[in-house]
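Each chain is listed here by its residues.
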Amino acid sequence: MGRIPQTITQKILSAHAGKEFVEPGELISARVDVLLANDITAPLAIREFERIGVQIFDPAAVVIVPDHFTPNKDIKSAEQAKAVRDFARRHDLPNYFEVGRMGIEHCLLPEQGLVVPGDVIIGADSHTCTYGALGAFATGVGSTDLAAAMALGETWFKVPESLKFVFDGQPGPWVGGKDLILYAIGQIGVEGALYCAMEFTGPVIENLSMDGRFTICNMAVEAGAKNGIIAPDEKTVTYVQGRGRRPHRLFRSDPDAVYKKVYQYDVTGLEPCVAFPHSPDKVRPVSKAGDVKIDQVVIGSCTNGRLEDLRLAAKVLSGKQVHKDVRLIIIPGTQEIYRQAVKEGLIETFVRAGAAVSTPTCGPCLGGHMGVLAKGERAVATTNRNFVGRMGHPESEVYLTNPAVAAASAVAGWIVSPEEVR
Amino acid sequence: MLEGTVFKFGDNIDTDLIIPARYLNTCDPAELARHCMEDADPTFAGRVKPGDIIVAGANFGCGSSREHAPVAIKAAGVACVVAKSFARIFYRNAFNVGLPILECAEIWGVAAGSRLQVDLANGRIKVVDGGQEYQARPVPPFMQEIIAAGGLIPYVKARLAGGR
Ligand code: SF4
């Protein structure tokens, strides 16, 4: 029998299921390399794990990052964070990250080399799909799934069908990973990739930096996908060299692999995109945003809180002032990104412009703290979700953009292209 | 056989609507239940009765992975959610926490406030007054095993005890 062609997603899952080949739709049990939880999902996972009453299969494989409501926003959050911290101490978890040394989980894990190409990663957080940018299979699960996997070292998956997205052409100025993924979600809708793998390819993806690739895979879940994935190349290998804590394996889709559907996008001349309330698929080019007056701008999150994002924001904000009616909140994704931003003078630019700069936290992204919206307020955010009430009051609004548009809008007071504040 | 009154919700009901993040500083089911569906229908938690049924459109439970969402629905007394389709993390979570869910593409025809009978074993759904019947998609055998074991944790315990 000849070789059966497989996608990169199938190949990684095959390798972790101890098989030569896995078929879309097949239920498999797969070994997991990394298991992730945060201060919101870990308490439930811990409760369920303790009901099983066994040891963690490999304490080094469990990563816990208290990033959502930390630094603790109220007493209840403090109690939850404490329960998680106690658990980490009790089980001697080497990969528990404390306030002041942590970051937003999906910025932190790749940066710390905890996730590498070829891995299978599950996280009790839907944006775990971010790590697909490394050529890994990464997907979100619930707390109970995580608890079971902490005991077993494996979990079950239904092998997803793959959708292939080929990005070709010469996008316009200020267009980055965020715009490419918003464009794709705008085309296929928030359930366009339900249960599927989204595989991103083409010259535009190859030209993207690792930061841009993380942004794209981060939002695969916003189209309903199980995972987002990009084949590893020299950029990927350079990125993991010197930081990867475990050996990596490079997988690629076979040229004759089978896809459920192939989307071919010529993004020549694509403008920065804006996702309007209350859904990430309500996408318009920034020039068609109309007059949207805003109260707040948030630059940060696991989507766009990386160094390249901060550099872009600083480029737009340099020598400018935040509009008098706008609060600009900037949140570096990790301590390391923060330190580098200090070193490069980006933080100086932000503070001079009149922005509030915070320690790494999810904070306002999920309406937790550090910038919750009042009734009727509007925000531009570089985050990934603009659902009803996501950033605060159910009658507030969130518009999703890239960091350059967000910074420009903070200066103008309404949603504008960076070209308009130059 | 379950029987309950239908509460109807649309497409793409995300987990922020099911249980807003502002209440995630606890994982106490009773407290989560008090805010269940709050941003979709603030009156829901006050009106829902034990045994009632949620009927929804496509992609129910999309967004965040928070298991607090099926926990809140279950603790609010909802006996079953029938939707055109579910987001995948919510689908796993519902089975894992023991909230019965059924996928049925035609269910959208059912009116809010009507009484439904649901047979979880075979996926038959019947409108009490009117008699229309619907057939939900069969639950995969593996998920049935989890349900039969009483949820994922008892399933894992049994598996570990069996040395498999
Ligand atoms: S930054 Fe936002 S989307 Fe990302 S993990 Fe935190 S809350 Fe979730």
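Observations regarding the sheet that holds strand E4 (residues 120-123) of chain A
All names here are of chain A. Taken in spatial order, the four strands line up as E3-E2-E4-E5 in an open sheet, and their pairing is parallel. Each edge of the open sheet is held by one strand with a lone partner, namely strand E3 (62-65) and strand E5 (137-140). Neighbouring strand axes in the sheet, compared pairwise and without regard to direction, differ in orientation by 20° on average. Judged from the four bridges that link them, strand E2 (residues 34-38) and E3 form a sheet pairing that is parallel. Bridging from a neighbouring strand, alanine 37 pairs with isoleucine 64 of E3.

A word on the site of the ligand
All names here are of chain A. By nearness alone, 13 residues border the ligand, and His127, Cys302, Cys362, Cys365 and Asn384 come closest of all. Under a 2 Å grid-point criterion requiring more than half of the atoms, the pocket assigned to the ligand is the largest cavity. Counting only elements with at least two residues in the shell around the ligand, the list comes to helix H4 (105-111) and helix H10 (301-304).

Here we look at the pairing of strand E16 (residues 378-381) of chain A
Residue and element names in this part refer to chain A. Where strand E13 (residues 296-299) and E16 come together, three bridges link them in parallel fashion. Following the sheet pairing, valine 298 is matched in E16 by alanine 381. Direction of pairing for E16 relative to strand E17 (residues 397-400): parallel, over a ladder of four bridges. Residue alanine 381 lies in a different strand from E17, and its bridge partner there is leucine 400.

Some points on the interface of chain B and chain A
Listed as interface residues are 41 residues of chain B and, on the opposing side, 47 residues of chain A. Summing both sides of the interface, chain B and chain A together bury roughly 3800 Å²; the carbon and sulfur share of this comes to 58%. Counting every contact that joins chain B to chain A gives four salt bridges. The salt bridge involving A:Arg390 is made with B:Asp16; its shortest N-O contact spans 3.0 Å. In this structure, the connection of chain B to chain A is made through 20 residue pairs in polar contact (both at pLDDT 80 or more). Taken together, the elements giving at least two residues each to the side of chain B that touches chain A come down to helix H1 (15-18), helix H5 (88-97), helix H6 (141-149) and helix H7 (152-161) of chain B. Class assignment for the residues of the side of chain B that touches chain A results in 18 nonpolar, eleven polar and twelve charged.

Focus: the packing of helix H6 (residues 177-188) of chain A against helix H8 (residues 210-218) of chain A
Helix packing geometry: the angle between the two helix axes and the distance between the axes. Residue and element names in this part refer to chain A. Their axes nearest at 8 Å, the elements H6 and H8 cross at an angle of 25°. If you check the angle between H6 and H8, you find them roughly parallel. The chirality of how H6 crosses H8 is right-handed. Facing H6, whose interface residues are Gly177, Lys178, Leu180 and Ile181, H8 presents Gly212, Thr215 and Ile216. Across the contact of H6 with H8, the residue classes tally to three nonpolar, three polar and one charged.

Let's talk about the pairing of strand E8 (residues 197-201) of chain A
Residue and element names in this part refer to chain A. Of all the five residues making up E8, five are buried; the element is thus mostly covered by neighbouring parts of the structure. Both faces of E8 are covered, namely the face carrying Ala197, Glu199 and Thr201 and the face carrying Met198 and Phe200. In this structure, strand E7 (residues 162-168) lies alongside E8, joined through five bridges in parallel fashion. Looking at E8, one finds that leucine 163 is bridged to methionine 198. Strand direction decides the pairing type here: E8 and strand E9 (residues 227-229), joined by three bridges, are parallel. Its bridge partner lying in E9, glutamate 199 is registered against isoleucine 229.

Examining the confidence of the model for chain B
In the predicted model, chain B carries a mean pLDDT of 94, and 99% of its residues have values of at least 70. Model confidence for the complex: the whole-complex pTM is 0.97, and ipTM, which rates the interface, is 0.93.

Structural notes on the pattern of salt bridges
All names here are of chain A. Across all of its chains, the model carries 33 salt bridges over all chains by this definition. Close ionic contact of glutamate 50 with arginine 90 constitutes a salt bridge, the shortest N to O distance being 2.6 Å. Of this pair, glutamate 50 sits in helix H2 (residues 42-52) while arginine 90 sits in helix H3 (residues 75-90), placing them 40 residues apart in sequence. Glutamate 50 gets classed as partly exposed once you look at its relative accessible area, which sits at 42%. Residue arginine 85 pairs with glutamate 98 through a salt bridge whose shortest N-O separation is 2.7 Å. Remark: glutamate 98 occurs in the loop between H3 and H4 and arginine 85 occurs in helix H3; sequence separation between them is 13 residues. Residue classification places arginine 85 among the buried positions, given a relative accessible area of 18%. One continuous salt-bridge network, built from bridges that share partners, spans Arg3, Lys11, Asp254 and Asp256.

What about H7(B)?
What H7(B) keeps buried is the set B:Leu152, B:Ile153, B:Tyr155, B:Val156 and B:Arg159. Projection of H7(B) onto a plane perpendicular to its axis shows the buried side chains occupying an angular sector of 160°, all on one side. The inward-facing, buried residues of H7(B) contact H2, helix H5 (143-152) and strand E6 (154-158) of chain A together with H5 and H6 of chain B.

What counts as what
- Residues numbered from 1 in each chain as written.
- Chains lettered and ligands numbered in written order.
- Predicted model: local features only at pLDDT ≥ 70, side-chain atom pairs only at ≥ 80, totals over all residues.
- Heavy atoms only, no water.
- Pairing = 2+ DSSP bridges.
- Helix = DSSP H or I, 4+ residues; strand = E, 2+ residues; numbered from the N terminus.
- Axes fitted to C-alpha atoms, helices over the stretch in contact; angles between N-to-C directions.
- Near = heavy atom within 4 Å.
- 1 Å grid on protein atoms, 1.4 Å probe; cavity = no way out; pocket = protein on both sides within 12 Å on 5 of 7 lines; lining within 4 Å.
- Sits in = over half its atoms within 2 Å of the grid points.
- Contact = heavy atoms within 4.5 Å.
- Buried area = accessible area lost by both parts, 1.4 Å probe.
- Salt bridge = Lys/Arg side-chain N within 4 Å of Asp/Glu carboxyl O.
- Polar contact = N/O pair within 3.5 Å; in protein donor to acceptor, adjacent residues only side chain to side chain.
- Nonpolar A, V, L, I, M, F, W, Y, C, P; charged D, E, K, R; others polar.
- Parallel < 35°, antiparallel > 145°, perpendicular 65-115°, else oblique.
- Left-handed = near helix turned anticlockwise from the far one by under 90°.
- Buried < 20%, exposed > 50% of the residue type's maximum accessible area, 1.4 Å probe, protein only.
- pLDDT = per-residue confidence, 0-100.
- Arc of directions from axis to C-beta.

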